[in-house]
Amino acid sequence: MLPPDNHVHTQFSWDAPGVASMAGSCEQALAVGVGCVAFTDHLDFTDWTDGDLIGEENLDPRRYPAMRLLDVTGYLAAVEECRGRYPDLRILSGAEIGEAHMFGASAAALVAAARFDRVLGSLHAVPFGGRLTAADELFGRLPADEVMRRYFAEVVRLIEGSDVFEVLAHLDFPRRNWPQAAGPYDEAAFEAEYRAVLRALADSGRVLEVNTKSPLASVTLMGWWRDAGGRAVSFGSDAHQPWRVGAKFKLAVDVVEAAGFRAGRDRFDFWRL
Ligand SMILES: [Zn+2]
Ligand SMILES: [Zn+2]
């Protein structure tokens, strides 16, 4: 039995490809031995309300024209339907909230109403040039190491500025787009920045995600998480297509176990020290 996949997207995500399917993801989970999935569709805000930092900082939040707010009612109905259809699978509701520190009031109101089981916090964009700019877009404009440093600094702001999420998703997201011309990506070159992120996360008692869509975290990196006081790990495939549910989980389990984390008595819980 593989760990819970706590990071799966469905047709309700605004960036979902045509093949995205909640039901298909349930069937894949059962087929590959993932006994529990959390459907964490994107919750990205394209507008702000009073109390959102982004308004005070006067930043334009729109990065992609396709971005639209999650249909929470439709999403929750689909989760209920899948729970009825796949009784052998534990299905958690959830969301992946983008830049929650920028949309504090909006995010708090929505999460309180939806009563999600799993809430992931993500940073996909950083303030640059008067707007929230997609992290991967920055590589053409700034030196590669500068992009990572800005990203990590903003992740610390995210953690310290929002308590609406429980799990920090893909902590080094721009690494997915690290330019070849900059040479191989080296975690050690950013050790201080990783440690600052991990300390902030551990200090707030939250959970680190091992994301298997990103290049896999090393055992050394998971050791930095322990050093920081981190006690819990979440596995996430970040699947946008059903066939990716649980992808690379055996490798991820090896890394997380090598760092000393184990499945708990409740196999649907996070892995802990
Ligand atoms: Zn994400
Ligand atoms: Zn995601």
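Note that the structure is predicted; figures quoted are calculated from it, not measured.

Some thoughts on the pairing of strand 1 (residues 5-8)
Logical step 1: Across 2 bridges, the pairing between strand 1 and strand 2 (residues 36-43) is parallel. Each bridged residue has a counterpart across the sheet, and for valine 8 the counterpart in strand 2 is phenylalanine 39.
Logical step 2: The parallel pair strand 1 and strand 2, bridged by helix 1 (residues 22-32), forms a crossover whose chirality is right-handed.

Some thoughts on the nonpolar core
Side chains that are nonpolar tend, in soluble globular proteins, to be buried together.
Logical step 1: Val37, Ile97, Phe116, Leu168, Met222 and Trp225 are the most contacted members of the largest nonpolar core, which totals 86 residues.
Logical step 2: At 9 residues, the largest contribution of residues to this core is made by helix 5 (residues 144-161).
Logical step 3: Non-local contacts of tryptophan 225, meaning those with residues more than four positions away in its chain, are made with Leu198, Leu201, Ala202, Arg206, Val207, Leu208, Gly230, Arg231, Ala232, Val233 and Phe261.

What to know about helix 7 (residues 219-227)
Logical step 1: Buried within helix 7 are the following residues: Leu221, Met222, Trp224 and Trp225. Within helix 7, the buried residues cover an arc of 150 degrees as seen down the axis, which keeps them to one side.
Logical step 2: Its buried side turned inward, helix 7 meets helix 6 (191-203), strand 8 (207-211), strand 9 (232-236) and helix 8 (249-258).
Logical step 3: Where helix 7 ends, the next residue or the one after it, glycine 229, has phi of about 105 degrees, a positive value.

Parameters at a glance
All residue numbers here refer to positions counted from 1 along the written sequence of the relevant chain. In the order they appear in the text, chains get letters beginning with A and ligands get numbers beginning with 1. In keeping with the model being predicted, local features are shown solely for residues with a pLDDT of at least 70 and side-chain atom pairs are shown and tallied solely at 80 or more, while totals for entire chains, interfaces and linings include all residues. In computing side-chain properties, one takes all heavy atoms of the structure into account and sets aside hydrogens as well as water. Here, a strand pair is defined by DSSP locating no fewer than two bridges between the strands. Numbering goes from the N terminus for both helices and strands, where a helix is a DSSP run of H or I of at least four residues and a strand is a run of E of at least two. The handedness rule is simple: strands pointing away from the viewer, and a clockwise path from the first strand over the helix to the second, make the crossover right-handed. For this analysis, a nonpolar core means a set of buried residues of the types Ala, Val, Leu, Ile, Met, Phe, Trp, Tyr and Cys, connected via side-chain atoms within 4.5 Å. Residue burial is assigned from relative accessible area. The probe radius is 1.4 Å, only protein chains are included, and a residue is buried under 20% of its type maximum, exposed over 50%, and partly exposed in between. By definition in these notes, contact holds between two residues if any of their heavy atoms fall within 4.5 Å. By definition, the arc is the one covered by directions from the helix axis to the C-beta atoms.

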